[in-house]
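Notes for the structure review
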Amino acid sequence: MKALLASISILFAFISGGNAIECEVCSDRASMDCSGELVTCDQTVKSCQTAITDLTFEGLDPIYNVFKNCSDVGAKDILYRAAGKESSYQQRVEVCQTNGCNKGPLQFPPKNTTLNGVKCPTCVVDGKLSCEATEVLECVGEMTNCLYIAATFRNTATRKIYRPLMDK
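Everything quoted here is computed from the prediction, not taken from an experiment.

**Here's the deal with the side chain of K68**
- Looking at the element boundaries, K68 is found in strand β4 (residues 63–70).
- Note on K68: relative accessible area 0%, which makes it buried.
- A polar atom in the side chain of K68 sits 2.9 Å from the backbone oxygen of G104.
- Excluding residues that lie within four positions of it along the chain, K68 makes contacts with E24, V25, C26, D33, C34, Q49, T50, N102, K103 and G104.

**So, the state of the cysteines**
- Under the criterion given, the structure shown has 6 disulfides.
- Here C96 is linked by a disulfide to C101, with a sulfur-sulfur distance of 2.0 Å. On the sign convention where negative is left-handed, the bridge of C96 and C101, at about 85° about the S-S bond, is right-handed.
- According to the relative accessible area criterion, C101 is partly exposed, its value standing at 23%.
- Here C123 is linked by a disulfide to C131, with a sulfur-sulfur distance of 1.8 Å. Here the disulfide of C123 and C131 is right-handed, its torsion about the S-S bond being about 80°. You'll find C123 and C131 in the same group, each marked buried.
- Disulfide connectivity for the chain, with bonded cysteines indexed by sequence position, reads 1-5, 2-3, 4-6, 7-8, 9-12, 10-11.
- In this model C139 remains outside any disulfide bridge; the closest cysteine sulfur is found in C120, 3.6 Å from its own.

What counts, and at which threshold
Residues numbered from 1 in each chain as written. Predicted model: local features only at pLDDT ≥ 70, side-chain atom pairs only at ≥ 80, totals over all residues. Heavy atoms only, no water. Helix = DSSP H or I, 4+ residues; strand = E, 2+ residues; numbered from the N terminus. Buried < 20%, exposed > 50% of the residue type's maximum accessible area, 1.4 Å probe, protein only. Polar contact = N/O pair within 3.5 Å; in protein donor to acceptor, adjacent residues only side chain to side chain. Contact = heavy atoms within 4.5 Å. Disulfide = S-S within 2.5 Å.

Below, the structure written as structure tokens:
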């Protein structure tokens, strides 16, 4: 009887001690999917994640990114969208808790294009960090906040400065 209990105790020690999650690890700055090795995460990590982004400027090719890895403690699923007069940005993060669960592509859900009544003042200028809003951007779907952003974006084809965005 003691030998049976000892065997069961050793079995449980093996089971509880070897349950590190395995996640696909890769990144790509030119697409929304990548493939890499399955990596055994640190014992404290209990989930994997995939993050994708899509940044689009009118007249230019979209800029995509994907990142797959063991996730940080407390990581959550995220869907974030922002849109401006000549640009849009979206990010999605998905967290999962089984071995290899972040293999394969992640996609954005369809955009809700229904006007929601929120209106944001907007302007876009080239070469300056401020401008007077001369137009109004009508928000759609779950985008219900106006943002004020002053930044310089560089691309090999053009350089523009963008202003207020609507966001979710």
